[in-house]
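# Summary of the model geometry
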Amino acid sequence: MNVVVVGYGPTAHRLVETLAAKGFTGSITVIGEEPRPAYDRVALTSYLSGTGAEALTYPVPGGIATRLADRVTAVDREGRTVTTRSGHVQPYDVLVLATGSAPFVPPVPGAEGAFVYRTIEDLDAIRDASREAEAGVVVGGGLLGLEAADALRGLGLATHVVEMAGRLMPRQVDEGGGAVLRKHVEGLGITVHTGVGLDRLEDGRVLLADGTAIEAGVVVFSAGVRPRDELARQAGLEVGARGGVAVDEGMRTSDPSIYAVGECALAGGVVYGLVAPCNAMAEVAADRILGGRAVFAGADQSAKLKLLGVDVASFGELSGALDVTYMDPVSGVYKKLFVSDDARTLLGGICVGDATPYATLRPLVGRELPAAPGDLLFAGTSVTVELPDDAPVCTCNNVTRGQVRAAVAEHGCTDVAAVKKCTRAGTTCGSCVPALASILASEGVVQSKALCEHFDHSRPELFDIARVRGISTFSRLIAEHGRGRGCDICKPVVASILASLNNGHVLEGERAALQDTNDHFLANIQKNGTYSVVPRIPGGEITPEKLIVIGEVARDFGLYTKITGGQRIDLFGARVEQLPDIWKRLVEAGFESGHAYGKALRTVKSCVGSAWCRYGVQDSVGMAIALEMRYRGLRSPHKLKSAVSGCARECAEARSKDFGIIATETGWNLYVGGNGGFTPRHADLLANDLSDEELVRAIDRFLMFYIRTADRLQRTSAWVESIGLDYLREVILRDSLGICADLDAAMARHVATYFDEWRATLDDPEKLRRFVSFVNAPGIPDPSIVFETERGQIKPVLVEVGRS
Amino acid sequence: MTAVQGIAAGTRTWIPICPYTDLIPERGAAALVRGRQVAVFRTHDDRLFAVGNRDPFSGAHVMSRGIAGTRGEEPVVAAPMHKQTFSLITGVCLDDPTTALPTYPTRVTNGTVEVSVE
Ligand code: SRM
Ligand SMILES: Cc1cc2nc3c(=O)[nH]c(=O)nc-3n(C[C@H](O)[C@H](O)[C@H](O)COP(=O)(O)OP(=O)(O)OC[C@H]3O[C@@H](n4cnc5c(N)ncnc54)[C@H](O)[C@@H]3O)c2cc1C
Ligand code: SF4
Ligand code: FES
């Protein structure tokens, strides 16, 4: 049998993948208009933040012929052939239309100059246009519109969203939810215009129906999509009154040898716009092509999204006889459940700002509630809900709880990764992953703490083993307590443990081979294989003479310079053989390593404090420098950052640090467990009004306790959360474990044995020998490293990425 | 530095790289061999391997700076950029078997590491 698929989007991909997996023996040809095979459109926005097109593209299953960058322009149902734009004629026995949909562009004057948001090429065009522009407008405040708005914001544009309806995301949330969502979106600096349509676009200007004019260089339409049913219409197939290729429950169109699947299909009177139902349709059509009897019985339109950092979820019916609402305008949380008139059956729900109930409650739609609706909303996840086996867990891939349990019980899956592989659950949008983990736990699977295949121990266990047994080499540790020869996970962990325990040079002897490339060259690797150099500038305080030296070094070695977010200066673009020469100059001028490359203390930032600032109550700069000098070089499970503010105005942002200090009239308040980064967290107050000595002692113990007990790459934020603030206070302020003397001694040892590892490297010819591009040609620089100039400084010329 | 020429048809040309003892066990070294960048590794059990120095995922010539170790019985190196793991024996990427590094024969002659790139 000869199957031809028109369109190569995610649905076509699922179809051919399913056919291939189920042993289809005929020939398959996919003809797609886009220049590449199907890619993960749901993750499209990540393309703008640097995910390459290759990473988004799905692999073409073996044995399938593709014709890319060509469009089918005609179907000859009599002769069973399709003809493409390029004139190619392809015969078929079975034809599948998977042509998806096209963004709808309303017919307003000037619309031809606007962009849409659907393909990788669309995003390239938007990115190019954004370079020249300062502001952008997204027309449409639905799910995709908000995603596009976030993208424009990410491209640095002042962003506006225009929505004709009275609220954002009118199809997913009700008015109350819309109001909370709007507050979140506005809080991010996006201007929201609701209840107003578009009048026209002019060059560089958007005019709204109410007369508002917005100056904007980029306009993106996201005002809904229309099924691409033009081929079907032209071939005389039945289409719906409002578009969509009409299909029966087996995804067959009015011509029995033609199927339609995905966003172009009208199934049961509905055109679906989410991947989960599209995938289900593809699987039904594949089964039918193979002679099966699968049916598509409609699909759940639930959605859980993280838009602009806000959780938004809706599931089931968005109306009902009774509803229960929970609203917390201060923290921006809105949750509502719809229930039947006897308040026993769950019909649906909406969450904005906190979607925890989604995972537990969505599978219960149409079923009896396990607790009073109010309790379920208020208690969040603390009410344990036992799900029935037929409850869907992953709606993207239509996997039930029973299937996940079977993966554990029958197929021996012992972690989330294995369950994903076995059932496909969790592989699309990822929102069901927490539910998978909790099913694993409820099945009694203890999640392994093993670091990697070489050690069955966790990081804190290895730390104790090395400390108590006095082990100081990786070879001994792995021979006595592990297996094999280690990997990129366990080696840097052990290197860090040994460094925390012994304070020796990280490149001494066998330890040199354990270090990740950054620690190995005492510099940070960059995308083209060059390195960056960050000298320590304690507290951000620097003399003019030292500033001049940095400038001279950068000029003499042709390095790119940038002020970092950590109050110091980063010099980029050094080749390995240049690093010693650069550091020689810096060390001579009195600089030392800033450990920007290590899991170690980074910076202690500070504000100007009482020396200059009219509000300052303590000398924040002096304290920041003292702390940075005390803890410099301290290796830890993850990097450590600190800041000291001279008063409660908090200009040093101390509460976003691992340990942050804020001056009071009488001393210092110590905050711990703050984090910027991927999961921001404000630090918690550990102790207040400490004297200088009390402050230092509390930080000493905090750091040493963290170093001993945290997991691999666990920042203090996650660590403090896992052990609890009260417990932490007990241990380090009240010595409940009786280990404080030990912690104090460990820190005293660190302070006494600190040395600058760059200076030590320069003094050791043996260590210097590895700083060459080529062992057999020490004088030759790596010829693959090439720079261009941008804004008067160097920039790597992008290396071509092609795999063999 | 790459002065050795082919001697006769069917004979390999071996290019000297460095003294064997200059290689740190489980750490790579890059060499420029007839215009090609090669990453040479000495394993813990003193075996010698040479693979291409270009990381196919990032395009940068950095494989010699990866961490070497084992996966199961296989000696491997992890790309320093984004940590994809490659077999030192076959060059194949264990995380994505459609991608591979070129591999080159090696030997030690009178204490000197030699690689052949033809
Ligand atoms: C240079 C700098 C950006 C800048 O130009 O300002 C920077 C650059 C890098 N950051 Fe950062 N971060 C820089 C300040 C920050 C800050 C702001 C701060 O420290 O005040 C943060 C958020 C605060 C925090 O850490 O809580 C920050 C959060 C991260 C994270 C996310 C950590 C997290 O907990 O989620 C990473 C990734 C990681 O460490 O795993 C990261 C990783 C990196 C790496 C090391 C990525 C890498 O592996 O190549 C970058 C290396 C650059 C280089 O070669 O020097 N960088 N990074 C800043 C250096 C400050 C310094 O002087 O040391
Ligand atoms: C930015 C963005 C974010 C999204 N986020 C989510 C989300 O979080 N959750 C969710 O469930 N869904 C999301 N979606 C929707 C999801 O991407 C679609 O449901 C899915 O792509 C539909 O797949 P499809 O293959 O049916 O159609 P499409 O992806 O539109 O693919 C159809 C393909 O057919 C080609 N084609 C059309 N006509 C022809 C022809 N005549 N000849 C040859 N080729 C042709 C088109 O060029 C296209 O490549 C998002 C969509 C976008 C754009
Ligand atoms: S400097 Fe920090 S934020 Fe910027 S790209 Fe690198 S890791 Fe990301
Ligand atoms: S619900 Fe989207 S991956 Fe499971």
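Residues numbered from 1 in each chain as written. Chains lettered and ligands numbered in written order. Predicted model: local features only at pLDDT ≥ 70, side-chain atom pairs only at ≥ 80, totals over all residues. Heavy atoms only, no water.

## A look at the environment of A:Met629
Applicable threshold: Where helices and strands are cited, they refer to DSSP runs of H or I of at least four residues and of E of at least two residues respectively, numbered from the N terminus.
In this structure, A:Met629 sits in helix α19 (residues 620–631). When the C-alpha positions of A:Met629 and A:Thr603 are compared, they lie 9.9 Å apart, and in sequence the two are 26 residues distant.

## As for empty space enclosed by the protein
Where empty space is left becomes clear once a probe the size of a water molecule has been rolled over the atoms. Residues and elements named next belong to chain A. Counted only if it meets this: Lining residues are those with an atom within 4 Å of a point, where the points come from a 1 Å grid over the protein atoms alone and group into cavities, where a 1.4 Å probe fits but cannot get out, or pockets, open sets with protein on both sides within 12 Å along at least five of seven lines. Grid points are joined across faces, edges and corners, and a volume is the space filled by probe spheres set on the points. Note on residue classes: Ala, Val, Leu, Ile, Met, Phe, Trp, Tyr, Cys and Pro are nonpolar, Asp, Glu, Lys and Arg are charged, and everything else, Gly too, is polar. Bear in mind that the domain bounds are from an automatic or database domain assignment.
In the structure shown here, the tally under the stated rule is three cavities of 30 Å³ or more. In this structure, the second largest cavity spans a volume of roughly 60 Å³. Forming the walls of the second largest cavity are 10 residues, and the residues nearest its centre are Ala-359, Arg-362, Val-393, Cys-432 and Ala-435. Of all the secondary-structure elements, those providing two or more residues to the lining of the second largest cavity are α8 (356–361) and β26 (392–394). For the lining of the second largest cavity, the class distribution of residues is eight nonpolar, one polar and one charged. Taken domain by domain, the lining of the second largest cavity gets at least three of its residues from each of domain 3 (302–385) and domain 4 (387–447).

## A few points about the interface of chain B and chain A
Test applied: Any pair of residues with heavy atoms lying within 4.5 Å of one another is described as a contacting pair. The term buried area refers to how much accessible surface (probe radius 1.4 Å) is lost by two components on association, counted for both of them together. Whenever Lys or Arg places a side-chain nitrogen within 4 Å of a carboxyl oxygen from Asp or Glu, that contact is recorded as a salt bridge. We call two N or O atoms a polar contact when they sit within 3.5 Å, provided that within protein one can donate a hydrogen and the other can accept it, with sequence-adjacent residues counted only if both atoms are side-chain atoms.
Opposite the 39 residues of chain B that make contact, chain A presents 42 residues. When the area that chain B buries against chain A is broken down by residue, the three leading residues are B:Arg27, B:Arg65 and B:Ile67, summing to 21%. Counting the contacts that link chain B with chain A gives four salt bridges. With its nearest N and O atoms 3.2 Å apart, the salt bridge here joins B:Asp22 to A:Arg769. At the surface where chain B touches chain A, the tally comes to 18 residue pairs in polar contact (both at pLDDT 80 or more). Its residues assigned to classes, the side of chain B that touches chain A shows 20 nonpolar, 11 polar and eight charged.

## Quick notes on the site of ligand 1
Residue and element names in this part refer to chain A. Selection rule: Being near a molecule or strand, for a residue, means having at least one of its heavy atoms within 4 Å of it.
Looking at ligand 1, there are 20 residues lining it, with Gln-526, Gly-565, Asp-570, Asn-675 and Gly-676 nearest. At 2.7 Å, a side-chain N or O of Thr-564 approaches an oxygen atom of ligand 1. For ligand 1, an oxygen atom lies 2.9 Å from a polar atom in the side chain of Arg-715. Residues belonging to the shell around ligand 1 are distributed by class as follows: two nonpolar, 10 polar and eight charged.

## A few points about the packing of aromatic side chains
Residue and element names in this part refer to chain A. Where we set the bar: Pairing of aromatic side chains here covers Phe, Tyr and the six-membered ring of Trp, requires ring centres within 6.5 Å, and sorts the geometry by plane angle: under 30 degrees stacked, over 60 edge-to-face, intermediate tilted. Using a 1.4 Å probe on the protein chains alone, a residue whose accessible area is under 20% of its type maximum counts as buried, one over 50% counts as exposed, and one in between counts as partly exposed. Placement of a charge over a ring requires the Lys NZ or Arg CZ to be within 6 Å of the ring centre, with the centre-to-atom vector within 35 degrees of the ring normal.
All told, the structure shown has 14 aromatic pairs over all chains when counted by the stated rule. Ring geometry for Phe-315 against Tyr-358: centres 5.7 Å apart, planes inclined by 70°, an arrangement best described as edge-to-face. Of this pair, Phe-315 sits in strand β22 (residues 310–316) while Tyr-358 sits in helix α8, and the two are 43 residues apart along the sequence. Both residues of the pair, Phe-315 and Tyr-358, belong to the buried class. Across the ring face of Tyr-615, the terminal group of Arg-649 is positioned such that the distance to the ring centre comes to 3.6 Å.

## Focus on the sheet that holds strand β10 (residues 112–115) of chain B
All names here are of chain B. Quick note on the threshold: Strands are labelled as partners when DSSP assigns at least two bridges between them. The angle between two axes is taken between their N-to-C directions and runs from 0 to 180 degrees, where each axis is a line fitted to C-alpha atoms and a helix contributes only its stretch in contact.
Taken in spatial order, the three strands make up an open sheet running β1-β10-β9, and their pairing is antiparallel. With one partner strand each, in any of the chains shown, β1 (15–19) and β9 (106–109) form the two edges of the open sheet. Going across the sheet, the axis of each strand differs from the next one's by a mean of 35°, ignoring polarity. Here β1 runs beside β10; their pairing, made up of four bridges, is antiparallel. Across the sheet, residue Ile-15 finds its bridge partner in β10, namely Val-115.

## So, the sheet that holds strand β30 (residues 560–563) of chain A
All names here are of chain A. With antiparallel pairing, the four strands of this open sheet are ordered in space as β28-β29-β31-β30. Two strands lie at the open edges of the sheet, namely β28 (524–525) and β30, each paired on one side alone. Where β30 and strand β31 (residues 569–574) come together, four bridges link them in antiparallel fashion. Opposite Lys-562, over in β31, you have Asp-570 as the bridge partner. Across the sheet, helix α17 (residues 544–557) is in contact with β30 and β31; its angle to β31 comes to roughly 15°. Packing of helix α18 (residues 579–588) onto the sheet brings it into contact with β29 (531–533) and β31, and relative to β29 it is tilted by some 5°.

## Remarks on the packing of helix α21 (residues 716–723) of chain A against helix α22 (residues 725–733) of chain A
Residue and element names in this part refer to chain A. Heads up, the rule is: Roughly parallel means an angle under 35 degrees; roughly antiparallel, over 145; roughly perpendicular, 65 to 115; everything else is oblique.
Interhelical geometry of α21 versus α22 gives an angle of 90° and a closest axis separation of 6 Å. One way to sum up the angle between α21 and α22 is to call them roughly perpendicular. Here α21 contributes Trp-719, Val-720 and Ile-723 to the contact with α22, which in turn contributes Leu-725, Tyr-727 and Leu-728. Looking at the contact of α21 with α22, its residues break down into six nonpolar, no polar and no charged.

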